[in-house]
Each structure stands twice: as C-alpha cells, then as structure tokens.
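Now for the letters of each chain:
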Amino acid sequence: MRIIPAIDILEGKCVRLSKGDYNTQKVYNENPLEVAKHFEAHGIQYLHLVDLDGARSGKLVNHKILSAIASKTALTIDFGGGLKCNEDLHVAFESGASQITGGSVAVKNSNLFIEWITAYGSKKIILGADVIPNSSGGEIAISGWQEKSKEAYLPFIKKYIAAGIEYVICTDISKDGMMEGPGLEIYRGILSNTQHLKLIASGGVTHFSDVLALAELGCEGAIIGKALYEGSVSLKQLEKFILKC
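What this report covers is the structure whose coordinates are included nearby.

Reading guide: rules and limits
The numbers attached to residues start from 1 for each chain and follow its sequence in the written order. Two thresholds apply to this predicted model, a pLDDT of at least 70 for residue-level local features and 80 or more for giving and counting side-chain atom pairs, whereas whole-chain, interface and lining totals are computed over all residues. Just so you know, side-chain values use all the structure's heavy atoms and leave hydrogens and water out. Think of it this way: any DSSP run of H or I at least four residues long counts as a helix, any run of E at least two long counts as a strand, and we number them from the N terminus. Radius of gyration: C-alpha atoms only; globule rule: 2.2 Å multiplied by the number of residues to the exponent 0.38. Exposed residues in this analysis have more than 50% of their type's maximum accessible area, buried residues have under 20%, and partly exposed residues fall in between, with area computed by a 1.4 Å probe over protein chains only. Along the arc lie the directions from the helix axis toward the C-beta atoms. Two residues qualify as a contact provided that any one of their heavy atoms is within 4.5 Å of a heavy atom in the partner residue. Whenever Lys or Arg places a side-chain nitrogen within 4 Å of a carboxyl oxygen from Asp or Glu, that contact is recorded as a salt bridge.

**Looking at the overall build of the protein chain**
- Along the backbone of the protein chain there are 11 helices and 12 strands.
- Here the C-alpha radius of gyration of the protein chain, 16 Å, is about what a compact globule of 245 residues would show, namely 18 Å.
- Taken along its principal axes, the extent of the C-alpha atoms in the protein chain is 40 × 35 × 35 Å.
- Counting only residues that meet the buried cut, the protein chain has 54% of its 245 residues in that class.

Here it is, written out as structure tokens:
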C-alpha cells in the first residue's frame, strides 16, 4: 500500500481542516515546499496536494506552489481542488502534477470528466469521491465539501469505473481531521462491490494501526494528514513501513 501524505493549501499556507469546515483551519507551516521536502527526506515518494482556495472558489489558484514542489522535489504529486475546465487541467499538468483528482467536476460536468479520462488515460485521472455518511449510506459532497450532491457514493463510483476510471480517492468527511480513525466500513463496502479498483483511503488515520488496517483491507493507498502534523503517526514509522513493503 502506498503512503501518501497530504498538504492542504489555504492562502499559501499548509493547513488542516476538520470535516472540511474552513472555519476550523489550523496552520501548521507557512511554507508548503518546506513540508514537502521534509516528507521526502523520510523516504516519502508520493504527495496528495489540495488547493483549498481553488476548491472553494471553483477555479485553480495555487498552481505556483504545485510548480515549486514539483520542481524542487522528486515527489509524485496528485493535485486537486478547483479543476473545472481543460485549461485548469493543462496548467496543473504543466505545473508538475503527475495525476489530478476531479470531484466536483465529475458531479457537475460528467461529460467533461469522461473526456479527461479518455484523453489522458486512467493512470493520470483520479476520481474524488468525498462522502457524507447518512442513514442510507452516504452521498457525495462537492465544492470543497461546502455543497451536498444527490449522488449516492457507490453508484457514483461504479458509473466512473464503467467509464474507465482506475483510481478513486474516497474521503469519509465525518472522519476527516477528527483523529477518530478511518471509515473502514465505507472502504470495505466499496472494495467488496467493485473489481480491479485502486482505492485510496483518505480521512481519519490517527494511529499507525490505522495504516495497517487499511493495508489489510486492500486499499491501494492511504492519505495521511493531521496525524502526521500532530505527531500521532511518525514519519519514522512510515519510513519503516515503506521499506518493508
């Protein structure tokens, strides 16, 4: 299982939110490049970079930070937040993204998102499935989690598997930033109802045991954010895990 630290950018700074609420932002470092270099120095190879300004505004904002990290580290970066048109995609890839993640666009403009899958291939386009759990299972949230869609998450994912998607980042929003453990039931349900899907779990990783649980479940990757910044999961633990794998 790939270990993928997260850097969320708001107003040029490295922050974390709780449940996607912008009012809960906590700044961990004013220099995202410094954070990325620190990750790389501990054997990290992958990075999940989120443009929170872009996600909220609906347009690409922090591509210069993406470019700085891509040009000054060897990290493989997946980038998301505010990607809504072909020009956004072009800028993101030109700025050094290896993959892009589309969530809101996959809900609001399905035809365009499928065009991206066809044009760039399933290795470069990731489906973002951000889930708000409810009594019927859960629905997809969009626009930096500020809006609810009426899309049930499992049919939503299956629709794009049929369109050729290979990678899905799924976030249980109720767990994100809460330091209460990941949404294992949601991930288990997705994996048991799909085939050949590379599921990247996001949100809620609190202790190293959560990393092991996600690996045992069969997730292709685990995105880790607040647990790293708060120190409840150490980079030394992850470095050992990566070497063992």
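**What about helix α6 (residues 110–120)?**
- Taken as a whole, α6 has its buried residues at L112, F113, W116 and I117. All buried residues of α6 project into a common sector of 145° when viewed along the axis, lining one side. More than 90 degrees from the buried face of α6, the exposed residues found are N111, T118 and A119.
- Contact partners of the buried residues in α6: α4 (86–94), β6 (99–102), α5 (104–108), β7 (125–132) and α7 (153–162).
- Immediately beyond the C-terminal end of α6, within one or two residues, lies G121, with a positive phi of roughly 90°.

**Thoughts on the pattern of salt bridges**
- Enumeration over the complete set of coordinates arrives at seven salt bridges.
- When the shortest N-O distance is used, the salt bridge between R2 and E220 registers 2.8 Å. A residue pair is termed long-range when its members are at least 10 positions apart, and R2 in strand β1 (residues 2–10) and E220 in the loop between α9 (208–217) and β12 (221–224) qualify at 218 residues. The pair R2 / E220 is uniform in exposure class, with both members buried.
- R188 is the partner of E185 in a salt bridge, and the nearest nitrogen-oxygen pair spans 2.4 Å. Taken together, the residues span about one helical turn, with E185 and R188 both in helix α8 (residues 184–192) at a distance of three residues.
- Judged by relative accessible area, R188 falls into the partly exposed class, the value being 36%.
- Among the charged side chains, a network of salt bridges with common partners joins K123, E166 and K198.

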